[in-house]
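Inside the fold
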Amino acid sequence: MTNSTPKRLRPLSPNIQIYRPQLTSVLSIANRISGIALSLYAIVLVVWLVAAAAGPQAYSKIHVFIGSGVGRLLLFGGTFSFFLHLCGSIRHLIWDAGYGFELRTIYASGWTVMLVSSALTIIAWIASSMLAR
Amino acid sequence: MKRQNNESMRSPLSRALGLGSAKAGVEQWWRERVSALALVPLTVWFAASIIMHTGSDYLTFIVWLRTPIVSLLMVLLLAGMFYHTALGLQVVIEDYVHSGLKTFALLGMRFSCYGLAIAGILATLRIAFS
């Protein structure tokens, strides 16, 4: 063969965008995204503690922001990220111990993570709004 | 009989030994899991406490944070949280940053995590001992 053309279209392996999102892949990336989000909320925790140490004025400024619409929305996102990462991590720890690798179990645990983390987020907000009164 | 490395008297096995992986990956994997395990009760305690303090004013919050067990748990939470965060973000940076920025991103992330952890712990201790 004397075919020496340098540019030939070679088949590429399918890229991530080509796959239809599945529960397994969505939860996998969701655990990473929620982890990254939580590292930003960890900064908020430190700012909050430093403000509390600085005195009542600094603390009330933080509290006014958290009580605002944007603050509440961010806090809600933080609550969901926390419960999602918590439940997802427990699922991962069970895998790391060597259990739950059958396809059926993987889907069952995946839906459990979705359901429990959503329920805990809602319960947390209902409990906190009841205590706020 | 033909020899591949005439000069060397070492056996093929001794030449190959030590040329594998750095063997450090498993340790990071374990550190991530152990810190995750420690963070399960600590973060659940923290979330429950924050919910209980929804309507609290400054003084109530400070009095709560000053109780020895709460100060201790808060310091443990901050240490464990930023330790776990640094390990997690390291993997994220190593996965997605391939340019020369990688080293700086890793350094910046590490320094930020240590700085934030110490700032949070200092603030907690300041309240605890004030």
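Residues numbered from 1 in each chain as written. Chains lettered and ligands numbered in written order. Predicted model: local features only at pLDDT ≥ 70, side-chain atom pairs only at ≥ 80, totals over all residues.

**Here's the deal with the overall build of chain B**
Quick note on the threshold: Labels follow the DSSP assignment, with helices taken as runs of H or I lasting at least four residues and strands as runs of E lasting at least two, numbered in each case from the N terminus. As defined in this context, the radius of gyration uses C-alpha atoms, and a globule is described by 2.2 Å times the residue total to the power 0.38.
In terms of helices and strands, chain B carries five helices and zero strands. Starting at the N terminus and ending at the C terminus, chain B contains elements arranged as α-α-α-α-α. Relative to the globule expectation of 14 Å for 130 residues, the C-alpha radius of gyration of chain B, 24 Å, shows a markedly less compact shape. Considered along the principal axes of its C-alpha atoms, chain B spans approximately 85 × 30 × 25 Å.

**Section: the overall build of chain A**
Formally: Backbone-placed C-beta atoms define the burial measure: a residue is buried with 20 or more other C-beta atoms within 10 Å of its own, exposed with 12 or fewer, and partly exposed in between. Here contacts are defined at the residue level, using C-beta atoms placed from the backbone and a cut-off of 7 Å between them.
Within chain A, the regular secondary structure consists of four helices and zero strands. The C-alpha atoms of chain A give a radius of gyration of 22 Å, which is well past the 14 Å a tight globule of 133 residues would have. Looking at chain A as a whole, 20% of its 133 residues qualify as buried. Considering only intrachain contacts with a sequence separation of at least 6, the fraction spanning at least 24 residues in chain A is 69%.

**Observations regarding the interface of chain A and chain B**
Using the following cut-off: Gly is placed with the polar residues, together with every amino acid not listed as nonpolar (Ala, Val, Leu, Ile, Met, Phe, Trp, Tyr, Cys and Pro) or charged (Asp, Glu, Lys and Arg).
In this complex, chain A contributes 26 residues to the contact, which on the side of chain B involves 26 residues. Among the elements of the structure, helix H1 (23–54), helix H2 (56–67), helix H3 (69–96) and helix H4 (103–132) of chain A are those that each provide at least two residues to the side of chain A that touches chain B. Here the side of chain A that touches chain B gets 12 residues from one element, more than from any other, and that element is H1(A). Partitioning the side of chain A that touches chain B into residue classes produces 19 nonpolar, five polar and two charged.

**Here's the deal with the confidence of the model for chain B**
Under the convention used in this document: Confidence of the prediction at every residue is given by pLDDT, a number between 0 and 100.
Residues of chain B with pLDDT of at least 70 account for 93%, and the chain-wide mean is 91. Taken over the whole predicted complex, pTM reads 0.85, whereas the ipTM for its chain interfaces reads 0.86.

**Description of the packing of helix H3 (residues 58–66) of chain B against helix H5 (residues 101–128) of chain B**
Residues and elements named next belong to chain B. Worth spelling out the cut-off: Helix axes are fitted to C-alpha atoms over the stretch in contact, other axes to C-alpha atoms as well, and angles between N-to-C directions run from 0 to 180 degrees. Any angle between 65 and 115 degrees counts as roughly perpendicular, while under 35 counts as roughly parallel, over 145 as roughly antiparallel, and the rest as oblique.
Viewed as axis vectors pointing N to C, H3 and H5 meet at an angle of 95°, and their least axial separation amounts to 8 Å. As far as their axial angle goes, H5 and H3 are roughly perpendicular. Facing H3, whose interface residues are Ile 62, Leu 65 and Arg 66, H5 presents Thr 124, Ile 127 and Ala 128.

**Some details on the environment of B:Leu59**
Secondary-structure assignment places B:Leu59 in helix H3. Sequence separation between B:Leu59 and B:Arg126 is 67 residues; the distance between their C-alpha atoms is 15 Å.

**Quick word on the packing of H4(A) against helix H2 (residues 25–52) of chain B**
The N-to-C vectors of H4(A) and H2(B) enclose an angle of 35°; their axes lie 8 Å apart at closest approach. The residues of H2(B) that touch H4(A), namely those facing A:Ala124, A:Ala127, A:Ser128 and A:Leu131, are B:Ala47, B:Ile51 and B:Met52. Class assignment of the residues belonging to the contact of H4(A) with H2(B) gives a composition of six nonpolar, one polar and no charged.

**Focus: H2(B)**
The following threshold applies: Every helix has an expected span of 1.5 Å times one less than the residues it contains. The angle between axes fitted to the seven residues ending at a residue and the seven residues starting there is what we call the bend at that residue.
Compared with an ideal rise of 1.5 Å per residue, which puts 28 residues at 40 Å, H2(B) spans 40 Å between its outermost C-alpha atoms and is within 8% of the ideal. Taking the largest bend as the criterion, H2(B) deviates by roughly 35°, centred on B:Leu39, and proline B:Pro41 comes between one and four positions later. Looking only at H2(B), the buried set comprises B:Ser35, B:Ala36, B:Leu39 and B:Thr43. Those residues of H2(B) that are buried lie in contact with H3 of chain A together with helix H4 (68–96) of chain B.

**A few points about the nonpolar core**
Threshold: The term nonpolar core refers to a group of buried residues, namely Ala, Val, Leu, Ile, Met, Phe, Trp, Tyr and Cys, whose C-beta atoms join them within 7 Å.
Counting residues in hydrophobic clusters, the biggest one holds 30 residues, and the most contacted among them are A:Ala42, A:Leu49, A:Ala52, B:Leu78 and B:Phe82. Of all elements in the fold, only H1 and H3 of chain A together with H2, H4 and H5 of chain B reach the threshold of two or more residues within this core. Ranked by residue count, the leading element in this core is H1(A), at nine residues. If near-sequence neighbours (up to four positions away) are discounted, A:Leu49 is found in contact with B:Gly120, B:Ala123 and B:Thr124.

**Describing the environment of A:Ile62**
Residue and element names in this part refer to chain A. Of note, Ile 62 is situated in helix H2. By the C-beta count within 10 Å, which is 18 here, Ile 62 ends up partly exposed. Spatially, the C-alpha atoms of Ile 62 and Val 47 are 8.4 Å apart, while their sequence positions differ by 15 residues. Apart from residues lying up to four places away in sequence, Ile 62 is in contact with Val 47, Trp 48 and Ala 51.

**Digging into the environment of A:Tyr41**
All names here are of chain A. Inspection of the secondary structure assignment puts Tyr 41 in helix H1. Since 17 C-beta atoms lie within 10 Å of it, Tyr 41 is described here as partly exposed. When the C-alpha atoms of Tyr 41 and Leu 93 are compared, they prove to be 23 Å apart, with 52 residues separating the residues in sequence. Beyond its immediate stretch of four places on either side in the chain, Tyr 41 contacts Gly 78 and Ser 81.

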